[in-house]
Amino acid sequence: MGSTVALSGCSSLNMDSLMSGASKAIEAATISDGQIQNYVHEYIVYSDKQNKVAPPSNQYAQRLARLTNGLNSVDGVPLNFKVYLTNDVNAFACADGSVRVYSGLMDRMTDDEVLGVIGHEIGHVAHKDTKNAFKQALINSAILDGIASTSSQAAALSQSQLAQLGSSLVSAKYSRSQESNADDYGYDFLKANGKNPWSMAMAFSKLESMEAGAQTNGMAQMFSSHPSTPDRIQHIINRCHKDKIAPPAGCKLK
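Just so we're clear, the structure is a prediction, and the values are computed from it rather than from any experiment. (Residues numbered from 1 in each chain as written. Predicted model: local features only at pLDDT ≥ 70, side-chain atom pairs only at ≥ 80, totals over all residues. Heavy atoms only, no water.)

## Concerning the overall build of the protein chain
Along its length, the protein chain carries 10 helices and 6 strands. By residue count, 50% of the 254 residues in the protein chain fall in the buried class. For the protein chain, the exposed area adds up to about 11,300 Å²; of that, 49% sits on carbon and sulfur atoms. (Helix = DSSP H or I, 4+ residues; strand = E, 2+ residues; numbered from the N terminus. Buried < 20%, exposed > 50% of the residue type's maximum accessible area, 1.4 Å probe, protein only. Areas by Shrake-Rupley, 256 points an atom, 1.4 Å probe, with all protein chains shown as cover.)

In structure tokens form, the structure reads like this:
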């Protein structure tokens, strides 16, 4: 079974059948944060049903639970973690605090490196990057279908609208500043929770090597939204040195 690599927040999954059709339309320009959260929640419910979720007794689920023990919330939003059982190398976090890690990524990374990926993705949630990307994709999908009304209530989307939304999300890219800010937030988040922030640099270095070696299908997409990876790795390393944090055992970065 082939595998893919993509770290792009909540934008990395297929959303073709996320919500059922409805008679009401949405007013795209004025959709509220509360409405976005409702859509995100339905997205996660759908995603969890469409993917094979590791049960609590599964070794991957137990490993993730151990690694994320103490990582309870981000900016007041409770975090919840699940593992998708697949060979794909991926992880994402959404605005409702849902963090999903693929077993294919866990197979290729140490505990510290998995935490590094999680820290970065949580950074995008904290800065509302994932929420804004979701909102923009939803607005674009609505506009493309000519949906508009004077109603302030967001309605469920049709299958065709969801297909457009999924396409928009997959192609969404974060800016250089958004990526840098997510790195810094993830660094501080890991440090504040007693985790070693070297893990973020280690994770990015390993993913970059995997992409360069073309070990799996679809790797070219992974860093398309994560520019200047070597510079970002060095920035994290420099912060670790400044904070006098020692690298974990086995770390080859300096």
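## Observations regarding the pattern of salt bridges
According to the stated counting rule, one finds 10 salt bridges in the structure shown. For D48, the salt bridge goes to K82, with nearest N and O atoms at 3.2 Å. Pair noted here: D48 is in helix α1 (residues 33-50) and K82 is in strand β4 (residues 80-84), with a separation of 34 residues, a long-range link. The class of D48 is buried, set by a relative accessible area of 15%. In this structure, D243 engages K191 in a salt bridge whose closest nitrogen and oxygen atoms are separated by 3.2 Å. In this pair, D243 is assigned in the segment after α10 (229-242) and K191 in helix α7 (residues 176-192), connecting sequence segments 52 residues apart. Looking at K191, the relative accessible area reads 41%, which means it is partly exposed. Here the residues in one salt-bridge network are D48, K82 and R100, joined through shared partners. (Salt bridge = Lys/Arg side-chain N within 4 Å of Asp/Glu carboxyl O.)

## Considerations on unusual backbone geometry
Backbone geometry at D75 places phi at a positive 50°, although glycine is not the residue there. The residue D75 is located in the loop between β2 (73-74) and β3 (77-78) in this model. Backbone geometry places K128, a non-glycine residue, at a positive phi of 65°. If you trace the backbone, K128 turns up in the loop between α4 (111-126) and α5 (129-144).

## Overview of the packing of α4 against helix α8 (residues 198-212)
Here α4 crosses α8 at 95°, and the two axes come no closer than 7 Å. Taken as axis vectors, α4 and α8 run roughly perpendicular relative to one another. From α4, D112, E113, L115, G116, V117, G119 and H120 reach across to α8, where they touch S199, M200, M202, A203, F204, K206 and L207. Of the residues assigned to the contact of α4 with α8, the class counts are 7 nonpolar, 4 polar and 3 charged. (Axes fitted to C-alpha atoms, helices over the stretch in contact; angles between N-to-C directions. Parallel < 35°, antiparallel > 145°, perpendicular 65-115°, else oblique. Contact = heavy atoms within 4.5 Å. Nonpolar A, V, L, I, M, F, W, Y, C, P; charged D, E, K, R; others polar.)

## Considering α10
Taking 1.5 Å per residue, 14 residues should reach 20 Å; α10 reaches 20 Å between its end C-alpha atoms and fits that length. Residues T229, R232, I233, I236, I237 and C240 constitute the buried set of α10. For α10, the angular spread of the buried residues around the axis is 140°, confining them to a single face. Of the exposed residues in α10, the ones pointing more than 90 degrees away from its buried face are D231 and K242. Against the buried residues of α10 lie α4, α7 and α8. (Expected span 1.5 Å × (residues − 1). Arc of directions from axis to C-beta.)

Take it as geometry only, folks, not as evidence of what the structure does.
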